[in-house]
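# Structural overview
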Amino acid sequence: MFFGRLFDYGAGVDASGADAYRNDGVGTAVALVNAVTACGADASDEGLREILLAFKYAAAELSAPEASTLRRWARDLRPVFEAEDVTAAVALLNGLLAAVPMQPHISDHGLGPHMHYAVSGAALPDRLRAHTAMGLATLVCEYGVDRLGVCALDDCDRVYADLNRGRRRRYCSRACLNRGGVAAFRARRRTPGP
Ligand SMILES: [Zn+2]
Ligand SMILES: [Zn+2]
(Lines give C-alpha, C1' and ligand atoms only; values in the text may rest on other atoms or scores of the structure.)
(Ligands and ions follow the chains in the order given, each with its own letter.)
Protein backbone atom coordinates (compact mmCIF):
# COMPACT_ATOMS: atom_id res chain seq x y z
CA MET A 1 0.00 0.00 0.00
CA PHE A 2 1.31 3.41 -0.85
CA PHE A 3 0.29 5.05 2.40
CA GLY A 4 1.59 2.52 4.88
CA ARG A 5 0.57 4.66 7.80
CA LEU A 6 -2.54 6.70 8.42
CA PHE A 7 -2.19 10.38 9.15
CA ASP A 8 -4.61 10.22 12.02
CA TYR A 9 -6.68 12.82 13.80
CA GLY A 10 -4.63 14.40 16.50
CA ALA A 11 -1.36 13.96 14.69
CA GLY A 12 0.30 17.33 14.72
CA VAL A 13 3.80 16.38 13.91
CA ASP A 14 3.89 12.63 14.29
CA ALA A 15 5.97 10.62 11.93
CA SER A 16 7.58 7.85 13.92
CA GLY A 17 8.78 4.78 12.11
CA ALA A 18 10.34 3.92 8.80
CA ASP A 19 6.97 3.68 7.01
CA ALA A 20 6.35 7.32 7.75
CA TYR A 21 9.70 8.25 6.31
CA ARG A 22 9.03 6.25 3.18
CA ASN A 23 5.53 7.42 2.51
CA ASP A 24 4.70 10.52 4.39
CA GLY A 25 5.30 13.25 1.85
CA VAL A 26 1.66 14.12 2.53
CA GLY A 27 2.23 14.42 6.27
CA THR A 28 5.31 16.56 5.69
CA ALA A 29 3.27 18.84 3.40
CA VAL A 30 0.47 19.23 5.96
CA ALA A 31 2.89 20.01 8.81
CA LEU A 32 4.86 22.50 6.73
CA VAL A 33 1.80 24.33 5.36
CA ASN A 34 0.30 24.59 8.84
CA ALA A 35 3.53 25.84 10.39
CA VAL A 36 4.02 28.55 7.79
CA THR A 37 0.51 29.63 6.76
CA ALA A 38 -1.84 28.88 9.69
CA CYS A 39 -2.31 31.46 12.42
CA GLY A 40 -0.50 30.84 15.68
CA ALA A 41 1.94 28.30 14.26
CA ASP A 42 5.72 28.35 14.53
CA ALA A 43 7.43 29.10 11.21
CA SER A 44 10.79 29.97 12.79
CA ASP A 45 13.90 28.23 11.51
CA GLU A 46 13.79 26.18 14.73
CA GLY A 47 10.13 25.29 14.21
CA LEU A 48 10.83 24.10 10.67
CA ARG A 49 13.82 22.11 11.85
CA GLU A 50 11.61 20.27 14.35
CA ILE A 51 9.18 19.31 11.58
CA LEU A 52 12.00 18.05 9.39
CA LEU A 53 13.45 15.98 12.21
CA ALA A 54 10.00 14.56 13.03
CA PHE A 55 9.70 13.40 9.42
CA LYS A 56 13.20 11.91 9.46
CA TYR A 57 15.00 14.43 7.30
CA ALA A 58 18.60 15.03 8.30
CA ALA A 59 17.99 18.71 9.05
CA ALA A 60 20.59 19.59 11.65
CA GLU A 61 22.25 21.99 9.23
CA LEU A 62 19.14 23.72 7.81
CA SER A 63 20.44 27.13 6.75
CA ALA A 64 18.52 30.43 6.85
CA PRO A 65 18.21 30.56 3.02
CA GLU A 66 16.99 26.94 3.00
CA ALA A 67 14.40 27.79 5.65
CA SER A 68 13.21 30.69 3.47
CA THR A 69 12.88 28.30 0.52
CA LEU A 70 10.74 25.98 2.64
CA ARG A 71 8.46 28.86 3.71
CA ARG A 72 7.97 29.86 0.06
CA TRP A 73 7.20 26.23 -0.79
CA ALA A 74 4.64 26.03 2.02
CA ARG A 75 2.84 29.06 0.56
CA ASP A 76 2.94 27.36 -2.87
CA LEU A 77 1.47 24.14 -1.42
CA ARG A 78 -1.41 25.74 0.49
CA PRO A 79 -3.59 26.48 -2.59
CA VAL A 80 -3.64 22.75 -3.40
CA PHE A 81 -5.50 22.17 -0.12
CA GLU A 82 -7.86 25.06 -0.95
CA ALA A 83 -8.51 24.03 -4.57
CA GLU A 84 -12.16 24.29 -5.64
CA ASP A 85 -12.19 21.12 -7.72
CA VAL A 86 -9.99 18.45 -9.24
CA THR A 87 -9.18 20.56 -12.34
CA ALA A 88 -7.77 23.36 -10.21
CA ALA A 89 -5.85 20.95 -7.99
CA VAL A 90 -4.34 19.12 -10.96
CA ALA A 91 -3.22 22.38 -12.58
CA LEU A 92 -1.56 23.50 -9.34
CA LEU A 93 0.10 20.13 -8.74
CA ASN A 94 1.43 19.90 -12.29
CA GLY A 95 2.96 23.35 -11.82
CA LEU A 96 4.63 22.23 -8.58
CA LEU A 97 5.86 18.95 -10.07
CA ALA A 98 7.40 20.87 -12.97
CA ALA A 99 9.11 23.31 -10.60
CA VAL A 100 11.21 20.64 -8.87
CA PRO A 101 14.14 18.83 -10.48
CA MET A 102 13.28 15.13 -10.19
CA GLN A 103 15.05 11.90 -10.93
CA PRO A 104 13.07 9.07 -9.33
CA HIS A 105 15.25 6.29 -8.00
CA ILE A 106 15.20 3.56 -5.37
CA SER A 107 17.22 4.16 -2.24
CA ASP A 108 17.83 2.16 0.92
CA HIS A 109 20.07 3.76 3.61
CA GLY A 110 19.07 1.15 6.18
CA LEU A 111 15.27 1.44 5.77
CA GLY A 112 14.78 -1.10 3.00
CA PRO A 113 14.21 -0.21 -0.65
CA HIS A 114 12.00 2.86 -1.13
CA MET A 115 11.48 5.64 -3.65
CA HIS A 116 13.38 8.90 -3.69
CA TYR A 117 12.12 11.49 -6.18
CA ALA A 118 14.70 14.29 -6.10
CA VAL A 119 17.95 14.17 -8.03
CA SER A 120 20.49 12.02 -6.18
CA GLY A 121 22.50 14.23 -3.83
CA ALA A 122 20.02 17.13 -4.01
CA ALA A 123 19.96 19.69 -1.21
CA LEU A 124 17.34 19.31 1.52
CA PRO A 125 14.82 21.86 0.16
CA ASP A 126 14.71 20.08 -3.20
CA ARG A 127 14.35 16.68 -1.55
CA LEU A 128 11.46 17.98 0.53
CA ARG A 129 9.84 19.73 -2.42
CA ALA A 130 10.00 16.55 -4.54
CA HIS A 131 8.73 14.37 -1.68
CA THR A 132 5.76 16.61 -0.79
CA ALA A 133 4.73 17.30 -4.40
CA MET A 134 4.78 13.58 -5.23
CA GLY A 135 2.91 12.72 -2.02
CA LEU A 136 0.08 15.17 -2.71
CA ALA A 137 -0.08 14.30 -6.42
CA THR A 138 -0.34 10.58 -5.66
CA LEU A 139 -3.01 11.16 -3.02
CA VAL A 140 -5.14 13.21 -5.44
CA CYS A 141 -4.75 10.67 -8.27
CA GLU A 142 -5.44 7.58 -6.15
CA TYR A 143 -7.98 8.85 -3.60
CA GLY A 144 -9.40 12.11 -5.00
CA VAL A 145 -9.00 15.80 -4.34
CA ASP A 146 -11.62 15.80 -1.58
CA ARG A 147 -9.03 14.10 0.62
CA LEU A 148 -7.36 17.51 1.00
CA GLY A 149 -8.98 20.47 2.72
CA VAL A 150 -9.01 23.28 5.25
CA CYS A 151 -10.47 22.77 8.74
CA ALA A 152 -14.26 23.24 8.86
CA LEU A 153 -14.15 25.42 11.99
CA ASP A 154 -14.55 29.11 11.16
CA ASP A 155 -11.72 30.20 13.44
CA CYS A 156 -9.20 27.54 12.31
CA ASP A 157 -7.24 27.81 9.09
CA ARG A 158 -5.15 24.65 9.39
CA VAL A 159 -5.12 22.22 6.47
CA TYR A 160 -5.54 18.44 6.62
CA ALA A 161 -5.14 15.36 4.48
CA ASP A 162 -7.55 12.46 4.91
CA LEU A 163 -5.88 9.11 4.40
CA ASN A 164 -8.52 7.07 6.20
CA ARG A 165 -10.54 4.71 4.07
CA GLY A 166 -14.28 5.30 4.22
CA ARG A 167 -14.20 8.24 6.57
CA ARG A 168 -14.97 11.81 5.54
CA ARG A 169 -12.70 14.13 7.41
CA ARG A 170 -13.50 17.83 7.78
CA TYR A 171 -11.34 18.99 10.68
CA CYS A 172 -7.60 19.47 11.09
CA SER A 173 -7.38 17.75 14.47
CA ARG A 174 -9.21 15.81 17.15
CA ALA A 175 -9.55 19.06 19.14
CA CYS A 176 -11.34 20.85 16.27
CA LEU A 177 -13.48 17.76 15.59
CA ASN A 178 -14.70 17.83 19.21
CA ARG A 179 -15.34 21.60 19.15
CA GLY A 180 -17.24 21.24 15.85
CA GLY A 181 -19.31 18.36 17.26
CA VAL A 182 -20.27 20.35 20.38
CA ALA A 183 -21.30 23.36 18.25
CA ALA A 184 -23.47 21.17 16.00
CA PHE A 185 -25.06 19.49 19.05
CA ARG A 186 -25.96 22.89 20.59
CA ALA A 187 -27.34 24.13 17.28
CA ARG A 188 -29.59 21.04 17.05
CA ARG A 189 -30.86 21.53 20.60
CA ARG A 190 -31.77 25.15 19.85
CA THR A 191 -33.83 24.05 16.83
CA PRO A 192 -37.43 23.42 17.98
CA GLY A 193 -38.72 19.92 17.27
CA PRO A 194 -41.74 19.16 15.04
ZN1 LIG B 1 15.19 7.50 1.81
ZN1 LIG C 1 -8.88 23.03 12.98
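The name given to the protein in an unreviewed UniProt entry is Zinc finger CGNR domain-containing protein, and the organism recorded there is Actinomadura miaoliensis.

## Focus: the coordination of the zinc ion (ligand 1)
Surrounding the zinc ion (ligand 1) are the protein donor atoms His109 (NE2), His114 (NE2) and His116 (NE2), at 1.9 to 2.0 Å. Each donor residue of the zinc ion (ligand 1) belongs to the same chain, with the gaps between them written as H-x4-H-x1-H. Residue His109 is classed as partly exposed on the basis of its relative accessible area of 46%. The partly exposed category is assigned to His116, whose relative accessible area is 22%.

## Looking at the pairing of strand E2 (residues 114–118)
Sheet analysis places strand E1 (residues 102–107) next to E2, joined by four bridges and oriented antiparallel. Counterpart to Met102 in the pairing with E2 is Ala118. The turn joining E1 and E2, which pair antiparallel and follow one another in sequence, is formed by six residues; a positive phi near 30° is taken by His109.

## What to know about the packing of aromatic side chains
Geometry of an aromatic ring pair is reported as the spacing of the ring centres plus the angle between the planes. Inspection of the entire model under this criterion finds zero aromatic pairs. In this arrangement the basic side chain of Arg129 is found over the ring face of Trp73, its NZ or CZ atom lying 5.2 Å from the centre.

Calculation criteria
Residues numbered from 1 in each chain as written. Chains lettered and ligands numbered in written order. Predicted model: local features only at pLDDT ≥ 70, side-chain atom pairs only at ≥ 80, totals over all residues. Heavy atoms only, no water. Donors = N, O, S within 2.8 Å, 3.2 Å for Na, K, Ca; no water. Buried < 20%, exposed > 50% of the residue type's maximum accessible area, 1.4 Å probe, protein only. Pairing = 2+ DSSP bridges. Helix = DSSP H or I, 4+ residues; strand = E, 2+ residues; numbered from the N terminus. Phe/Tyr/Trp six-rings, centres within 6.5 Å; stacked < 30°, edge-to-face > 60°. Lys NZ or Arg CZ within 6 Å of the ring centre and 35° of its normal.

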